[in-house]
Amino acid sequence: MAQLFTPAATTLFRVVIVLIGAGIVAAGVMAYVWARSDSTWNVGKSAPQPVPFRHDLHSGSLRIDCRYCHSTVERAADAGMPSAQTCMSCHSQVWVGASVLEPVRSSFTLGQPIEWTSVHRLPDYAYFHHAAHITKGVACETCHGRVDQMPKTVKTQTLSMGWCLNCHRDPVPNLRPREAVFTMGYEAHGKDLPGDIRELYREASRRLTSCNTCHR
Ligand code: HEC
Ligand code: HEC
Ligand code: HEC
Ligand code: HEC
Ligand code: HEC
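Residues numbered from 1 in each chain as written. Chains lettered and ligands numbered in written order. Predicted model: local features only at pLDDT ≥ 70, side-chain atom pairs only at ≥ 80, totals over all residues. Heavy atoms only, no water.

Here's the deal with the overall build of the protein
- Within the protein, the regular secondary structure consists of 10 helices and 0 strands.
- The secondary structure elements of the protein, listed N-terminal to C-terminal, are α-α-α-α-α-α-α-α-α-α.
- Expressed as lengths along the three principal axes of its C-alpha atoms, the size of the protein is roughly 95 × 55 × 35 Å.
- Burial status across the protein gives 26% buried among its 216 residues.
- Taking all contacts inside the protein whose residues are at least 6 apart in sequence as the whole, residues at least 24 apart take part in 68%.
- Treating the 22 positive side-chain charges of the protein as one cloud and the 17 negative ones as another, the clouds have centres 5 Å apart. (Helix = DSSP H or I, 4+ residues; strand = E, 2+ residues; numbered from the N terminus. Buried < 20%, exposed > 50% of the residue type's maximum accessible area, 1.4 Å probe, protein only. Contact = heavy atoms within 4.5 Å. Lys, Arg positive; Asp, Glu negative; His and termini not counted. Charge placed at Lys NZ, Arg CZ, Asp CG, Glu CD.)

Here is the structure:
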């Protein structure tokens, strides 16, 4: 039978096949890297806010306790957001006429909440509970970073399922004494943890990694 393709055409054909294969693999790798990268999770990105509120000023310089504004963080699922009234407890006296605070004053007068934009919202199918963490010694700083140094509030962790699970498999290295959960820049001391807590969490990690703990 006569040859259908010249040897050169066959070689070209093989090269093309190999290149297509390599392209598919590279696209897959790039998609994977992109899906895993911080930018996909909006880490480090701030959101537009009605008022240019600054944690670095209020928590950092003025040292106002987190609970003054996020008052339900130790007892509920939601940390809670400050009402206009909470801001006005000071801003009826300082920066009284400032135009940047106009949305706060009008919310206060109308008795309506200020509409902050969240940078931390999880999808509805994932369940999170602040108090469950705070009361067991997981600190704000561990999940939210150095909020006291942020001029604009940003996410410092992905909050992906893998991130949650990473801690739930072995929370012990991330636990602090209860009185240090609001501390920023905390340095851990192994001796601060009671000895039998590791054993306790070896048991608990099975419950903490089961699907219906976070998907209920
Ligand atoms: C415990 C008192 C206190 C509370 C509560 C408080 N602030 Fe302030 N805030 C201050 C002080 C004091 C300053 C001025 C600091 C300065 O002039 O250096 C300030 C400054 C500001 C500024 C101007 C910042 C700048 O320099 O650009 C804004 C905006 C502001 N606060 C928003 C808010 C909002 C919104 C709330 C409520 C969520 C709030 N503050 C709650 C004490 C408070
Ligand atoms: C004076 C009031 C005030 C204090 C004190 C305060 N916050 Fe906030 N916090 C706010 C306001 C207002 C917002 C919404 C605007 C923004 O995101 O910057 C906010 C937003 C946040 C968010 C992002 C919420 C979201 O939906 O994405 C986190 C996380 C947070 N605060 C943590 C803290 C921590 C940790 C502390 C203590 C170190 C603290 N805050 C102290 C007023 C306060
Ligand atoms: C174990 C990790 C973790 C810890 C510890 C933690 N947070 Fe959060 N925080 C989250 C997650 C996840 C969300 C998003 C929750 C959602 O969308 O359901 C969030 C949301 C928030 C919000 C947004 C609004 C709301 O009402 O929930 C604020 C404010 C906040 N956290 C403040 C704090 C403060 C203050 C502390 C320390 C006392 C703290 N968080 C400790 C993980 C954590
Ligand atoms: C840094 C460690 C850490 C991270 C990160 C973390 N958790 Fe937890 N989580 C804990 C600890 C510790 C407990 C308390 C376990 C206990 O009951 O002793 C807990 C408890 C919980 C509980 C309550 C479980 C129960 O049955 O009482 C839920 C729900 C939960 N976590 C969801 C999440 C979700 C969702 C995320 C990610 C968005 C997350 N956690 C991230 C450490 C962490
Ligand atoms: C510690 C909490 C936690 C546990 C345990 C957990 N998940 Fe998730 N899961 C999450 C969070 C948080 C998200 C949302 C991440 C995001 O923002 O997209 C999520 C997302 C998902 C998604 C959506 C796709 C994705 O990957 O983002 C699926 C599917 C899922 N989980 C299945 C499971 C299954 C199956 C199990 C049990 C083997 C499980 N999860 C256990 C916290 C958890």
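Points about the pattern of salt bridges
- Across all of its chains, the model carries 7 salt bridges by this definition.
- Between Glu74 and Arg67 there is a salt bridge; the shortest N-O distance is 3.4 Å.
- A residue is classified by how much of its surface remains accessible, and Glu74, at 25% relative accessible area, is partly exposed.
- Accessibility expressed as a relative area gives 31% for Arg67, which makes it partly exposed.
- The salt bridge partner of Arg105 is Glu102, with a shortest N-O separation of 3.3 Å. Highlighted residues: Arg105 and Glu102, both in helix H5 (residues 102-110), separated by 3 residues, approximately one helical turn.
- Each member of the salt-bridge network shares a partner with another, and the members are Asp65, Arg67, Glu74 and Arg178. (Salt bridge = Lys/Arg side-chain N within 4 Å of Asp/Glu carboxyl O.)

Here we look at the coordination of the iron atom of ligand 3
- At the metal site, the iron atom of ligand 3 is ligated by His130 (NE2) and His144 (NE2), and these contacts range over 2.0 to 2.1 Å.
- For the iron atom of ligand 3, the 6 donor atoms in the first shell make angles of 86 to 180° at the metal, a pattern classed as octahedral. Of this pair, His130 sits in helix H6 (residues 130-134) while His144 sits in helix H7 (residues 140-144), placing them 14 residues apart in sequence.
- The class of His130 is buried, set by a relative accessible area of 17%.
- Residue class for His144 comes out partly exposed when judged on its relative accessible area of 24%. (Donors = N, O, S within 2.8 Å, 3.2 Å for Na, K, Ca; no water. Tetrahedral: all angles 85-135°; square planar, octahedral: opposite > 155°, others 65-115°.)

Considerations on the coordination of the iron atom of ligand 1
- With distances of 1.9 to 2.0 Å, the protein atoms coordinating the iron atom of ligand 1 are His58 (NE2) and His91 (NE2).
- Around the iron atom of ligand 1 sit 6 donor atoms; with metal-centred angles ranging over 87 to 180°, the donor geometry is octahedral. Of this pair, His58 sits in helix H2 (residues 55-61) while His91 sits in helix H4 (residues 84-91), and the two are 33 residues apart along the sequence.

Quick look at the UniProt feature "transmembrane region" (unreviewed entry) in the protein
- With numbering aligned to this structure, UniProt lists the feature "transmembrane region" (unreviewed entry) at residues 12-35.
- Spanning residues 12-35, this segment combines 100% helix with 0% strand, and its end C-alpha atoms are found 34 Å apart. (UniProt positions renumbered as here; feature names shortened; annotations may be inferred.)

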